[in-house]
Amino acid sequence: MPDAALVLVVEDDPETRRYYADALSRGGFETHQAHNGLQALQKAIDLLPALILTDIAVPGIDGIELLRRLRADTRTSSIPVIAITGYDDRQYVDRALGAGAVHVLTKPCDSEALINEARQILAGARTAR
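These figures come from a predicted structure and were not determined experimentally.

Digging into the nonpolar core
No. 1: In terms of nonpolar packing, the biggest core is built from 25 residues, with L8, V10, I52, L66, L70, A96 and V104 touching the most fellow members.
No. 2: Ranked by residues supplied to this core, first place goes to helix α4 (residues 90-99) with five residues.
No. 3: Setting aside anything within four residues of it in sequence, one finds L66 in contact with V10, G37, A40, L41, T54 and I61.
No. 4: Membership of the second largest hydrophobic core comes to 17 residues, among which are L24, F29, I82 and L105.

This is how it looks when you write it as structure tokens:
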């Protein structure tokens with residue numbers, strides 16, 4: 001059996017972070033977690049995950065700045081990122097896509113939709129914004 005793809009889950013709310021990590025684990029992924037943008041940036045460099053799932057509104061550096069820094073670093077620039085937002089405003093989706101997210105999901109996010117999106121991205125079905 002091949003190794004499970006590693007997904008870094010970035011979310012400041014512990015219950016929500018656990019929900020995403022548990023859903024992805026049930027979907028066959030290995031997960032690591034970060035509770036803020038700075039911790040996520042360091043973990044991304046250390047772990048080089050196959051995929052990053054980040055909330056836009058996390059402390060330290062927000063998800064948009066996290067995306068910019070990931071894209072600017074050659075070690076992490078090719079890691080696909082799914083952004084998640086609870087904001088009901090198109091500007092947040094546009095900002096996340098403009099900063100380098102490959103897809104944006106809106107909270108509350110259905111676990112099956114999250115798993116399917118992660119699988120599509122890692123299978124190469126979604127390679128552009």
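A word on the sheet that holds strand β2 (residues 30-34)
No. 1: One open sheet accounts for five strands, arranged β2-β1-β3-β4-β5; its pairing is parallel. Taken across any chain shown, the strands that pair with only one partner, and hence form the sheet edges, are β2 and β5 (103-106). Each adjacent strand pair in this sheet contributes to an overall mean axis angle of 20 degrees, direction not counted.
No. 2: Against the sheet, helix α2 (residues 37-47) makes contact with β1 (6-10), β2 and β3 (51-55), and its axis sits at roughly 145 degrees relative to β2, the strand it touches most.
No. 3: Contacting β4 (81-85) and β5, α4 runs over the sheet at an angle of about 150 degrees to β5.

A closer look at the pairing of β5
No. 1: In terms of strand pairing, β4 meets β5 through four bridges, oriented parallel. In the strand pairing of β5, A83 is matched with V104.

Brief notes about the pattern of salt bridges
No. 1: For the structure shown, the criterion picks out six salt bridges.
No. 2: Here E11 and K107 are joined by a salt bridge, their closest N and O atoms 3.1 Å apart. Taken as a pair, E11 in the loop between β1 and α1 (14-26) and K107 in the loop between β5 and α5 (111-122) lie far apart in primary sequence, 96 residues in all.
No. 3: For K107, a relative accessible area of 27% puts it in the partly exposed group.
No. 4: Taking the shortest distance from any N to any O, the salt bridge between D73 and R75 comes out at 2.6 Å.
No. 5: Overall, D73 belongs to the buried group, its relative accessible area being 16%.
No. 6: Each of E11, D55 and K107 takes part in one network of salt bridges that share partners.

What counts as what
Starting afresh in each chain, residues are numbered from 1 along the sequence in its written order. Local features in a predicted model are, by the rule used here, given only for residues with pLDDT of at least 70; side-chain atom pairs are given and counted only at 80 or more, and totals for whole chains, interfaces and linings are based on all residues. Hydrogens and water molecules were not included; the side-chain quantities draw on all heavy atoms of the structure. By nonpolar core we mean a set of buried residues, namely Ala, Val, Leu, Ile, Met, Phe, Trp, Tyr and Cys, connected to one another through side-chain atoms within 4.5 Å. Each residue's exposure class comes from its accessible area (1.4 Å probe, protein chains only) as a fraction of the maximum for that residue type: buried when under 20%, exposed when over 50%, partly exposed otherwise. To qualify as a helix, a DSSP run of H or I must reach at least 4 residues; to qualify as a strand, a run of E must reach at least 2; elements of each kind are numbered from the N terminus. The contact criterion used is simple: two residues touch if any of their non-hydrogen atoms lie within 4.5 Å. Any two strands with at least two DSSP-identified bridges between them are counted as paired. Lines fitted to the C-alpha atoms define the axes, with helices restricted to the stretch that makes contact. Angles between their N-to-C directions range from 0 to 180 degrees. The salt bridge criterion pairs a side-chain nitrogen of Lys or Arg with a carboxyl oxygen of Asp or Glu, the two atoms within 4 Å.

What is shown is where atoms sit, not what they do.
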